[in-house]
Number of protein chains: 4
Amino acid sequence: MSSFAVRTDLALEDRERIEGRGGEIHGVVLEEENREESGIRITRVRIETKNGARIMGKPLGTYITLEAPALTEQDEGYHREVSVELARLLREVMPDVKKERQVLVVGLGNREVTADSLGPHVADNLFVNRHVVMEFGPAAYNREEMHRISCIVPGVMARTGMESAEIVHGIVKETKPDFLIAVDALAARSTRRLNRTIQVSTSGIYPGSGVGNHRNALTKDSLGVPVIAIGVPTVVDAATIVGDALERMEKDSGLQIIGAREHPGAVSELNNMYVTSKDIDETIKRLSFTVSEGINLALNMEKLPSAGQT
Amino acid sequence: MSSFAVRTDLALEDRERIEGRGGEIHGVVLEEENREESGIRITRVRIETKNGARIMGKPLGTYITLEAPALTEQDEGYHREVSVELARLLREVMPDVKKERQVLVVGLGNREVTADSLGPHVADNLFVNRHVVMEFGPAAYNREEMHRISCIVPGVMARTGMESAEIVHGIVKETKPDFLIAVDALAARSTRRLNRTIQVSTSGIYPGSGVGNHRNALTKDSLGVPVIAIGVPTVVDAATIVGDALERMEKDSGLQIIGAREHPGAVSELNNMYVTSKDIDETIKRLSFTVSEGINLALNMEKLPSAGQT
Amino acid sequence: MSSFAVRTDLALEDRERIEGRGGEIHGVVLEEENREESGIRITRVRIETKNGARIMGKPLGTYITLEAPALTEQDEGYHREVSVELARLLREVMPDVKKERQVLVVGLGNREVTADSLGPHVADNLFVNRHVVMEFGPAAYNREEMHRISCIVPGVMARTGMESAEIVHGIVKETKPDFLIAVDALAARSTRRLNRTIQVSTSGIYPGSGVGNHRNALTKDSLGVPVIAIGVPTVVDAATIVGDALERMEKDSGLQIIGAREHPGAVSELNNMYVTSKDIDETIKRLSFTVSEGINLALNMEKLPSAGQT
Amino acid sequence: MSSFAVRTDLALEDRERIEGRGGEIHGVVLEEENREESGIRITRVRIETKNGARIMGKPLGTYITLEAPALTEQDEGYHREVSVELARLLREVMPDVKKERQVLVVGLGNREVTADSLGPHVADNLFVNRHVVMEFGPAAYNREEMHRISCIVPGVMARTGMESAEIVHGIVKETKPDFLIAVDALAARSTRRLNRTIQVSTSGIYPGSGVGNHRNALTKDSLGVPVIAIGVPTVVDAATIVGDALERMEKDSGLQIIGAREHPGAVSELNNMYVTSKDIDETIKRLSFTVSEGINLALNMEKLPSAGQT
């Protein structure tokens, strides 16, 4: 079977790829949920053992994927629905948020590179109140209790001369948040998932993930506080596209395409190329608003509307 | 032979595709020139007969391609060299520029969509003097003679409610330039040509060319004055990538990949996707500067340095 | 009485200045209306005779000023109210809008100069449909009748080499709109009016108005179709500020400040300086949204809510 | 004598104001130098005693002002000259820069508010190398020794929920630079100094300085390492303008303007207004480039050209 090395930041896609080769994976639990009205599908992949982590190529933790097919469309109501759904998933994994917490949101990525600018754009739309609540209390907002929310866009190393992780570590030590929410653009394996999938995970953010290169980990181990990662795939490596098309052709035709693996020249010129949607600039703006609204709702200490399906 | 419908705005690529199927094309003349020091290759494709136009799928005219492999790098000296080379090619096709002319430069495309923003960015860097020369003469610049240069970025139909062609037609009638230079982003067939190829052509700009959709022609027929088009390929249709990789595999392996044509599902999900380089945002800025410098040099009525190779 | 030459684009301020010197002006009619709930004040100045025009220093026509004190605040409901009020004023002066018309909106000014970027920003938020209605009819929007709306941002002469008026004239001849709406930033005399006043007028847009220098007239005379101008004062000339402060001091103190006129050195270094609010960047974004919403409502062929006061 | 409370961030202006009232100030030393060719004037104000600090209303330290009248013009050669002069002044106050140091440059201010965006823009143009030198040594740049330069734009509290000082403190603790260079926009008292004056000081950056509100100090006391501040005045408080014009009138006329102080109504509506130049957007871009070049030169460990006058 022709098989290219494919890169995905989505645990869901790792699971699919491995299952395609046959069956269950020890140490990896899968749950699916479908919202009938909205067509939103929620998949939880729990990597529970070291063996599972090794096979999946991802660290231990929970990876929740929200797939919303209509997310690429310009439907405000639908986007609101996705924001609420995202807020629910975030509350599921955020630690102790019944009590007032201090939360640092980190917008990773490069504002100057469209496909990598999700994090900075989410930061732009975020409700931030730490400075006000610290000075005047929740009363400043006519509330009795509030989380204190701060936000940083560390920028890229070529501009700062520092790892994102160094900047975030310094700020965490200085301001002592209870946990982090880190937002980043991801690479997917399938174009079907581009711009319509949101992954929430509890295992932190790791070197080399995302579109750009955000070296050094942001994890509970390195920072001392939990890190919840939110990612949206915005690109697919161009080489992956060719590999996947070949696999599908083999499957459809029942034949084997000899030599795909042996002829890397077929894809070598695709290095440093990626596939993205034609309306990526506008899509990023819309998606980042939806994600920031999801975070805003998750952190507002109010009751969320119950899920359509429940 | 598996063969996908591929789209390219480069006459050079049409010629290669057709030649690949065997030999010469009546009515299409090809000339090549190489600059040894800079590695720049200049190819002139002249479509001289209706038959040639039909086979090539492009209108009659001259299409000059400048391929500069190092154009993706950040080397100011090299970019300057390419600007001078582009200026020479432009002077080759601009009508009567020994005399003072009025020239309207049109920056086509969509400023909000990175891969389609070449034209607007070129406009930003352009030297514009029509208003000054009309009021004070070339003396305002301590010169004895000058072309008068104006520039318009018509914007996209979704924002203006008008075809780019309507806006340009109106301005041409009102301001009566002697000829137009229209700049646009193009689609190529091969990722090898992305961001390192500049095409200069004399046949105008046609519907549906470019990354976005700039409907209605800007041609000598429709406008009454010659139109010189400058294009740089910034994207490749994602489906093309798969087709090309398959072709190369077939060629390398000597086998035939059955069913590529019969299994369109393999590429259907690539609709509305394109392949582009990871650093497209920065690349567009650099390229647009190089192109605008080429236009500035071509229009300054001074002697250009002679070509390295000649 | 010390009196500096002050520049204002607001007919209302001309009227006040002249009245301050004593009484009525022949040929100039003034009407005032107050919306009690919203605190919005509407003033209509009609310059009906040449004498009136001479005294006022403004061409014949109707100048309606909408003063909305809370417009500088971030209150969405209030901004909506102002948009509706503006829509009403526009309908008052737009010709024959019971029938389907073609309307060209012109966003004057310089996108790169914050205080002069109102016009371009209004264009960004405008609902544009001419291209769709011309191809598919109002049915494309599930409507039976619709105005066809197009929009142009001509840009500044330093970038285009053309007068805004040349560009607009060309487009008017080519696309034949029934009337124009031109939007521009204005200069006021009093900082009290900055960013909270909208002027609608029927006399076109004239040379040298606005913050930048948009030469050559856009008027019914020059274009052949009516021109409705919408302006918002965003700056005050710095020299005006000093003059006004002196006048107020004289008035308050009952004394005369000798020599203000004789000592122009006091204000000469203020040339090319203007006074603006500290939050001008954000204010322009908010105001331009309110103005574009006003235009969108005015042109949607639906019934507007009736005025609060009536 | 009528006298308004005026605010300036320039020690030079404090000195002038106080001297205007008569003579020398104990504990404050003044030195002037003039570059004849370029017309650049360098003034050193040294506040050496607590008494001097109290009278000046500024902390102990050295304040060097570079006044370059032609800095508002678009003359590349002149800007280069100013960059070299700034580099010399920086070397004068930077500690121990004969040895390799680690330097953190901080771009204070608000990128979204033109007049307050100097710091972020300087950061954009800065040469940053810490990450490269730490990994590959100076050899990566074909050099034997290099300072390691990093850079942060902390952003504004409304967006981050944190004081700039908190962010900078955290990063300083984490990355341990030898000293800081902090860049910020300033307020001047006189429009004559806008955009043509650069102040270098050794006393750190203090609360409420600058156009926006950057609370909490960045000083050697609070951070543990020296802080060199670079500031450029980009605005004048509008009320100051009126006060200054009155003072000049009194001086010119020999009369006293009664009641200026008693009639604060004359200037009260100028609250939250500032005076700035009409081309502020473009000016900030040009100035920030000149300042960043000055820092780049100061930190390149090469010999600077000697001063024109010396």
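Predicted, not measured: the structure shown is a model, and the values here were computed from it.

Enquirer: Explain the overall build of chain A here, please?
Expert: If you tally the helices and strands in chain A, you get eleven helices and nine strands. Looking at the 310 residues of chain A, the share that counts as buried comes to 61%. Once local pairs closer than 6 in sequence are excluded, the contacts in chain A between residues at least 24 apart make up 74%. For chain A, the exposed area adds up to about 12,700 Å²; of that, 48% sits on carbon and sulfur atoms.

Enquirer: I keep staring at helix 4 (residues 118-125) of chain A and nothing clicks. Help me out?
Expert: Residues separated by three or four positions in an α-helix point in the same direction, a consequence of the helix having 3.6 residues per turn. Within the sequence span of helix 4 of chain A, burial applies to Leu118(A), Gly119(A), Pro120(A), Val122(A) and Ala123(A). Here the buried face of helix 4 of chain A lies against strand 4 (102-107), strand 5 (148-152), strand 6 (179-188), strand 8 (227-237) and helix 11 (280-298) of chain A.

Enquirer: How do you make sense of the packing of aromatic side chains when you look at a structure like this?
Expert: The description of an aromatic ring pair uses the distance of the two centres, along with the angle that the planes make with each other. Residue and element names in this part refer to chain A. Per the stated rule, a full pass over the model turns up four aromatic pairs over all chains. Both rings, one in Phe127 and one in Tyr141, keep their centres 5.6 Å apart while their planes meet at 75°; by these two values the pair is edge-to-face. Residue Phe127 is found in the loop between helix 4 and helix 5 (130-136), and its partner Tyr141 is found in the loop between helix 5 and strand 5; the two are separated by 14 residues along the sequence.

Enquirer: Honestly, the confidence of the model for chain A in this entry has me stumped. Any pointers?
Expert: Low pLDDT marks stretches whose predicted atomic positions should not be read closely. Residue and element names in this part refer to chain A. Residues of chain A with pLDDT of at least 70 account for 87%, and the chain-wide mean is 86. Here residues 1-5 scores under 50 on pLDDT; set against residues more than four positions off or in separate chains, the count is 15 contacts. Here residues 209-215 is a poorly scored stretch, pLDDT under 50, and it has 29 contacts once near neighbours within four places are set aside; other chains count. Taken over the whole predicted complex, pTM reads 0.88, whereas the ipTM for its chain interfaces reads 0.89.

Enquirer: Would you mind showing me how to read the side chain of Thr160(D) here?
Expert: Here Thr160(D) shows up in helix 6 (residues 157-160). Take Thr160(D): its relative accessible area is 5%, and that puts it in the buried class. A polar atom in the side chain of Thr160(D) sits 3.0 Å from the backbone oxygen of Met162(D). The residues touching Thr160(D), leaving out its near neighbours within four places in the chain, are Val128(A), Ser150(A), Cys151(A), Pro154(D), Gly155(D) and Ile167(D).

Enquirer: How do you make sense of the pattern of salt bridges when you look at a structure like this?
Expert: A full pass over the atoms with the stated rule returns 88 salt bridges over all chains. Across the salt bridge formed by Glu33(B) and Arg35(B), the nearest N and O atoms sit 2.8 Å from each other.

Enquirer: Can you help me understand the packing of helix 7 (residues 164-175) of chain B against helix 7 (residues 164-175) of chain C in this one?
Expert: A packed helix pair is summarised by two numbers, namely the angle formed by the two axes and the spacing between the axes. At their nearest, the axes of helix 7 of chain B and helix 7 of chain C sit 7 Å apart, and the two run at 115° to each other. Every pair of crossing elements has a handedness; the one defined by helix 7 of chain B and helix 7 of chain C is right-handed. Contacts from Glu166(B), Ile167(B), His169(B), Gly170(B), Ile171(B), Lys173(B), Glu174(B) and Thr175(B) of helix 7 of chain B reach helix 7 of chain C at Glu166(C), Ile167(C), His169(C), Gly170(C), Ile171(C), Lys173(C), Glu174(C) and Thr175(C). Residue composition of the contact of helix 7 of chain B with helix 7 of chain C, by class: four nonpolar, six polar and six charged.

Enquirer: Even after reading the chapter, I still don't get the packing of helix 3 (residues 76-93) of chain C against helix 11 (residues 280-298) of chain C, so can you show me in this structure?
Expert: All names here are of chain C. Contact geometry of helix 3 with helix 11 gives a least axis separation of 7 Å together with a crossing angle of 45°. Considered as vectors, helix 3 and helix 11 are oriented oblique to each other. Seen from above, helix 3 lies across helix 11 with right-handed handedness. Contacts from His79, Arg80, Val82, Ser83, Val84, Leu86, Ala87, Leu90 and Arg91 in helix 3 reach Arg286, Thr290, Val291, Glu293, Gly294, Ile295, Leu297 and Ala298 in helix 11. Considering only residue class, the contact of helix 3 with helix 11 consists of nine nonpolar, four polar and four charged.

Enquirer: So what exactly am I meant to see when it comes to the pairing of strand 7 (residues 197-201) of chain B here?
Expert: Regular strands place side chains that alternate from one sheet face to the opposite one. Residue and element names in this part refer to chain B. Along strand 7, five of the five residues are buried, which leaves the element largely enclosed by surrounding structure. Side chains of strand 7 alternate between two faces, with Thr197, Gln199 and Ser201 and Ile198 and Val200 buried alike. Across five bridges, the pairing between strand 3 (residues 61-67) and strand 7 is antiparallel. Bridge assignment links Tyr63 to a residue of strand 7, and that residue is Ser201. One ladder, built from three bridges, connects strand 7 with strand 8 (residues 227-237); its direction is antiparallel.

Enquirer: Any chance you could explain the side chain of Ser83(A) here in plain terms?
Expert: Of note, Ser83(A) is situated in helix 3 (residues 76-93). Taking the relative accessible area as the measure of exposure, Ser83(A) reaches 3% and is therefore buried.

Enquirer: Please explain the environment of Gly155(B) as it appears in this structure.
Expert: Residue and element names in this part refer to chain B. Inspection of the secondary structure puts Gly155 in the loop between strand 5 (148-152) and helix 6 (157-160). Taking relative accessible area as the criterion, Gly155 reaches 22% and is therefore assigned partly exposed. C-alpha separation for the pair Gly155 and Asp178, spaced 23 residues apart in sequence, amounts to 23 Å. Not counting chain neighbours up to four residues away, the residues in contact with Gly155 comprise Gly109, Thr160 and Ser164.

Enquirer: Could you clarify how one ought to interpret the state of the cysteines in this entry?
Expert: Working definition: the covalent bond between the sulfur atoms of two cysteines is a disulfide. The final tally for this structure, using the stated rule, is zero disulfides over all chains. Free of any disulfide, Cys151(C) has its nearest neighbouring cysteine sulfur in Cys151(B), separated by 18 Å. Its relative accessible area of 2% is what places Cys151(C) among the buried residues.

Enquirer: I'm lost on a negative patch on the surface in this one. Help?
Expert: A contiguous patch of negative charge, built from Glu36(A), Glu37(A), Glu73(A), Asp75(A), Glu76(A) and Glu81(A), is present on the exposed surface. Inspection of the secondary structure puts Glu37(A) in the loop between strand 1 (28-34) and strand 2 (41-47).

Enquirer: Teacher, can you tell me more about the pairing of strand 4 (residues 102-107) of chain C here?
Expert: All names here are of chain C. Among the six residues of strand 4, six are classified as buried, and the element is accordingly described as predominantly covered. Of the strand pairs in this sheet, strand 4 and strand 5 (residues 148-152) are connected by five bridges, and their pairing is parallel. Across the sheet, Gln102 pairs through a bridge with Arg148, a residue of strand 5.

Enquirer: I would appreciate a short explanation of unusual backbone geometry in the present structure.
Expert: Of note in the backbone geometry, Asn142(A) takes a positive phi value of approximately 55° without being a glycine. If you trace the backbone, Asn142(A) turns up in the loop between helix 5 and strand 5.

Rules of the game
Residues numbered from 1 in each chain as written. Chains lettered and ligands numbered in written order. Predicted model: local features only at pLDDT ≥ 70, side-chain atom pairs only at ≥ 80, totals over all residues. Heavy atoms only, no water. Helix = DSSP H or I, 4+ residues; strand = E, 2+ residues; numbered from the N terminus. Buried < 20%, exposed > 50% of the residue type's maximum accessible area, 1.4 Å probe, protein only. Contact = heavy atoms within 4.5 Å. Areas by Shrake-Rupley, 256 points an atom, 1.4 Å probe, with all protein chains shown as cover. Phe/Tyr/Trp six-rings, centres within 6.5 Å; stacked < 30°, edge-to-face > 60°. pLDDT = per-residue confidence, 0-100. Polar contact = N/O pair within 3.5 Å; in protein donor to acceptor, adjacent residues only side chain to side chain. Salt bridge = Lys/Arg side-chain N within 4 Å of Asp/Glu carboxyl O. Axes fitted to C-alpha atoms, helices over the stretch in contact; angles between N-to-C directions. Left-handed = near helix turned anticlockwise from the far one by under 90°. Nonpolar A, V, L, I, M, F, W, Y, C, P; charged D, E, K, R; others polar. Parallel < 35°, antiparallel > 145°, perpendicular 65-115°, else oblique. Pairing = 2+ DSSP bridges. Disulfide = S-S within 2.5 Å. Patch = residues over 30% accessible without salt bridge, like charges linked within 9 Å, V, L, I, M, F, W, Y side chains within 5 Å. Lys, Arg positive; Asp, Glu negative; His and termini not counted. Charge placed at Lys NZ, Arg CZ, Asp CG, Glu CD.

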